[in-house]
Amino acid sequence: MSVRKRSWVNGKGEERTAWVVDYVDTKGKRRLKTFKLKKDADQFAATASVEVREGVHVAERDTVTVEKAGELWIASAEAAGLERSTIAQYRQHLNLHITPLIGSTTLSKLAVPAVRSFEDELRESGRSPQMVRKVLVSLGSLLADAQERGLVSRNAVREKSRARQKGKDRRQEKRHKGKIKVGVDIPTPEEIRAIVAALDGRWRPLMLTAIFAGLRASELRGLRWSDVDIEKREIRVHQRADRFNEIGRPKSEAGERAIPIPPILVNALKEWKLSYSRPVVGRDDDGKMIREDTQPGHLVFSNGLGKVESLANIINRGLIPIQIAAGVADPTGEVDDAGEPVMRARYTGMHALRHFYASWLINRPQDGGLGLPAKAVQERLGHGSIVMTMDVYGHLFPRGDDADELAAAERSLLG
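Since this is a predicted model, take the numbers as computed values, not measurements.

This brings us to the packing of helix 8 (residues 203–213) against helix 12 (residues 351–363). Close contact between helix 8 and helix 12 brings their axes to 6 Å; oriented N to C, the two are set at 40°. Regarding the angle of helix 8 to helix 12, the classification is oblique. Contacts from Met207, Ala210, Ile211, Phe212 and Ala213 of helix 8 reach helix 12 at Leu353, Arg354, Phe356, Tyr357 and Trp360. Here the residues of the contact of helix 8 with helix 12 are counted per class, giving nine nonpolar, no polar and one charged.

As structure tokens, then:
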């Protein structure tokens, strides 16, 4: 890939210059792209070089408009047999919101700044915040379909979301730089006992897996039956479902791990395997639904269609109501129509259960001793380094009485 200066004389006898990027694309075809400024040519060359090397580059003349990509996206949804209501919503988002504003834009020009401008325009034109979010999700799905077709190299919507999430995570990290605390960030043993007692139905095996195996929410959502070994009483983590419900590898190499599980979880998973809602494959002569037999590749905690369950459902329909039922909640100061106090769940994220699992590993009695050593805790949690484990949980490890130790040291020194 090269960047060179090109000079010529126009019809008026004036000298003109431009910068040309000369390269071979992923299909082995030579491409030339011209820029007015060298810095723009250099920037394109750097990006295109990486994309060609990764096999994802799409030349501008090979791409299509957002409107055309939207038509292909709808066709994909219909071919996949999605529900009519879902496809109708996709069409509405495309026809009423996406096409009128950016339909003529080519996919190659739909970078993160363009998506941000689109988001601003949606908001300024009177769309509600909820509608703006839904339309952006649809645009991200449209671009994902276009990526699979080789029409665009990047999904700007998801790049923007990831960048925003990273910024949010960094801000949260700064706000929560203080040590995590039992009863604030980590459920107490008494609270966990109350939660376990309140568990039933489809949420029981999922929450028990979070409590007694410490899986991240993404790992719970991506867990397959092939990763659960009932006989060995072990769960193996090999994949995760990200916030876009896409299946991929764990967050790090250390994320792939084997976790021993206690009897309460073994029994819950046995029962769940016999009773969980399998995908419907047809109906019998009497009209009753026929469900597919459990397969190793099936997700353990899927939604009703056998697909990845959303994190919002797990929290809003599982974690929060269970805590309120268990009494692990605090009054909001409001009352409902019946005059009863409205309660708020004490822990609003699945990571609270993972924090408990870590504290349980660190402090539970085991073979007459204390908990597991730091290295074992790191491996069970799937942390990339022992530093991460100690930064988050180091203060939870048992310590001797510092005052007595200092007193002994003083006596040894001074006699």
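Once that is clear, we can look at the nonpolar core. Judged by nonpolar contacts, the single largest core of 54 residues is most densely connected at Met207, Ile235, Leu269 and Met350. If you tally residues by element for this core, the top one is helix 8, at eight residues. Those residues within four positions of Met207 in sequence are excluded, and the remaining contacts are Leu199, Ile314, Gly318, Leu319, Ile322, Met350 and Leu353. Residues Ile74, Ala77, Val152 and Ala156 belong to the second largest nonpolar core, which totals 27 residues.

On to the packing of aromatic side chains, then. Taken as a whole and judged by the stated rule, the model has three aromatic pairs. Centre to centre, the rings of Phe212 and Trp360 are 5.4 Å apart; their planes meet at 75°, and the pair counts as edge-to-face. Of this pair, Phe212 sits in helix 8 while Trp360 sits in helix 12, and the two are 148 residues apart along the sequence. Aromatic pair Tyr357 and Trp360: ring centres 6.2 Å apart, planes at 45°, arrangement tilted. Taken together, the residues Tyr357 and Trp360, both in helix 12 and three residues apart, mark about one turn of the helix. Take Trp360: its relative accessible area is 25%, and that puts it in the partly exposed class. Within the aromatic cluster, the residues linked to one another by ring pairs are Phe212, Tyr357 and Trp360. Sitting over the ring of Trp8, Arg6 keeps its end group 4.5 Å from the ring centre. Directly above the aromatic system of Trp203 lies the positively charged group of Arg202, at a separation of 4.3 Å from the ring centroid.

This paragraph deals with the sheet that holds strand 5 (residues 234–237). Read from one edge to the other, the open sheet built from three strands follows the order 4-5-8, with strand pairing classed as antiparallel. Two strands lie at the open edges of the sheet, namely strand 4 (228–229) and strand 8 (257–260), each paired on one side alone.

What follows concerns helix 4 (residues 112–124). The first and last C-alpha atoms of helix 4 sit 18 Å apart over 13 residues, in line with the 18 Å expected at 1.5 Å per residue. The set of residues buried in helix 4 consists of Val115, Phe118, Glu119 and Leu122. The arc that holds the buried residues of helix 4, viewed along the axis, is 100°, so those residues lie on one side. Within helix 4, the exposed residues directed more than 90 degrees away from the buried face are Pro113 and Glu124. Gly126 sits one or two positions beyond helix 4 and adopts a positive phi of about 100°.

Residues at a pLDDT of 70 or more form 86% of the protein, whose mean pLDDT is 85. For the protein, per-element mean pLDDT is lowest for strand 10 (residues 289–291), which scores 58, and highest for helix 8, which scores 97.

Let us look at helix 12. Here helix 12 spans 18 Å end to end across 13 residues, near enough to the 18 Å set by a 1.5 Å rise per residue. Where burial is concerned, most of helix 12 is hidden: ten out of the 13 residues are buried. Among the residues of helix 12, those classed as buried are Ala352, Leu353, Arg354, His355, Phe356, Tyr357, Ala358, Ser359, Leu361 and Ile362. Considering only its buried residues, helix 12 is in contact with helix 7 (189–198), helix 8, strand 8, helix 11 (311–326), helix 13 (374–381) and helix 14 (386–393).

Definitions and cut-offs
- Residues numbered from 1 in each chain as written.
- Predicted model: local features only at pLDDT ≥ 70, side-chain atom pairs only at ≥ 80, totals over all residues.
- Heavy atoms only, no water.
- Axes fitted to C-alpha atoms, helices over the stretch in contact; angles between N-to-C directions.
- Helix = DSSP H or I, 4+ residues; strand = E, 2+ residues; numbered from the N terminus.
- Parallel < 35°, antiparallel > 145°, perpendicular 65-115°, else oblique.
- Contact = heavy atoms within 4.5 Å.
- Nonpolar A, V, L, I, M, F, W, Y, C, P; charged D, E, K, R; others polar.
- Core = buried A, V, L, I, M, F, W, Y, C linked by side-chain atoms within 4.5 Å.
- Buried < 20%, exposed > 50% of the residue type's maximum accessible area, 1.4 Å probe, protein only.
- Phe/Tyr/Trp six-rings, centres within 6.5 Å; stacked < 30°, edge-to-face > 60°.
- Lys NZ or Arg CZ within 6 Å of the ring centre and 35° of its normal.
- Pairing = 2+ DSSP bridges.
- Expected span 1.5 Å × (residues − 1).
- Arc of directions from axis to C-beta.
- pLDDT = per-residue confidence, 0-100.

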